[in-house]
Amino acid sequence: MSAVGKSTNIFWQECSVGKLDRQKLLKQKGCVVWITGLSGSGKSTLACTLDRELYSRSKLAYVLDGDNLRHGLNKDLGFSTEDRTENIRRVGEVAKLFADAGLICIASLISPYRKDRDSCRGILPESSFIEVFMNMPLELCEARDPKGLYKLARAGKIKGFTGIDDPYEPPLNCEIEIKQENGVCPSPNAMAGQVVGYLEEKGFLHE
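Residues numbered from 1 in each chain as written. Predicted model: local features only at pLDDT ≥ 70, side-chain atom pairs only at ≥ 80, totals over all residues. Heavy atoms only, no water.

K.L.:
Help me get a handle on helix α8 (residues 188-201), residues and values and all.
P.N.:
Taking 1.5 Å of rise per residue, the 14 residues of α8 would be expected to cover 20 Å, and the 20 Å separating its terminal C-alpha atoms lies within 8% of that figure. Those residues of α8 that fall on the buried side of the exposure criterion are Met191, Ala192, Val195, Val196, Tyr198 and Leu199. All buried residues of α8 project into a common sector of 155 degrees when viewed along the axis, lining one side. Away from its buried face, by an angle of more than 90 degrees, α8 presents the exposed residues Asn189 and Glu201. Of the surrounding secondary structure, the elements contacted by the buried residues of α8 are β3 (31-36), α2 (43-56), β5 (104-108), β6 (129-135) and β7 (176-179). Looking at the residues trailing α8, positive phi occurs at Gly203, about 85 degrees. (Helix = DSSP H or I, 4+ residues; strand = E, 2+ residues; numbered from the N terminus. Expected span 1.5 Å × (residues − 1). Buried < 20%, exposed > 50% of the residue type's maximum accessible area, 1.4 Å probe, protein only. Arc of directions from axis to C-beta. Contact = heavy atoms within 4.5 Å.)

K.L.:
Go over the packing of aromatic side chains, please, and point to the residues and values.
P.N.:
The geometry of an aromatic ring pair is captured by the separation of the ring centres together with the interplanar angle, meaning the angle of the planes. Inspection of every chain in the model, using the stated rule, returns four aromatic pairs. Taking the centre distance of 5.0 Å and the plane angle of 85 degrees together, the rings of Tyr150 and Phe161 count as edge-to-face. Placement of Tyr150 in helix α7 (residues 149-154) and of Phe161 in the loop between α7 and β7 is noted, with a sequence separation of 11 residues between them. For the pair shown, Tyr150 and Phe161 are each scored as buried. Stacked on the ring of Phe79, the Lys or Arg Arg70 has its end atom at 3.9 Å from the ring centre. (Phe/Tyr/Trp six-rings, centres within 6.5 Å; stacked < 30°, edge-to-face > 60°. Lys NZ or Arg CZ within 6 Å of the ring centre and 35° of its normal.)

In structure tokens, the structure reads:
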């Protein structure tokens, strides 16, 4: 019996089918690919392309998209510092469950604060949290502005927008960094290939 947070008198229920059993069934190892970067840096593009590439290899993945999650799980949260932290905490816990189920969980969120990303890393087994930094310059992301949010932020219609009037703290020791080469952005397939290569090398695509 234990107490966790505000929950008291709770017990951890063990089941006879464990993580290793599920990984053997799926012929892969569960992990979390956490894609972080500014709005417009290509996170969702990479997440969906990676998902499709893994599917083509008969590997089971699932995308947790930051905006999509705010339609349901996190619809009660805003964009204050406290709400952003809780947003990432919840996604981290869900991602942990997907990884424990044996899936390759692809989390695509701005996740601007380093300590929040590090907290998610801390709840996963060593090496199972793969941080992918979309290191694209603000000027490029703002020029893309696929959702028109930078324009609204510059006009003062959105407050606390990451990269404009709220900070983005880049990773210090990410597993994968994706950036421009000679001023040219890699294609979606090239970006996904970089991540797949890492997963292959580290043994996540095998039981």
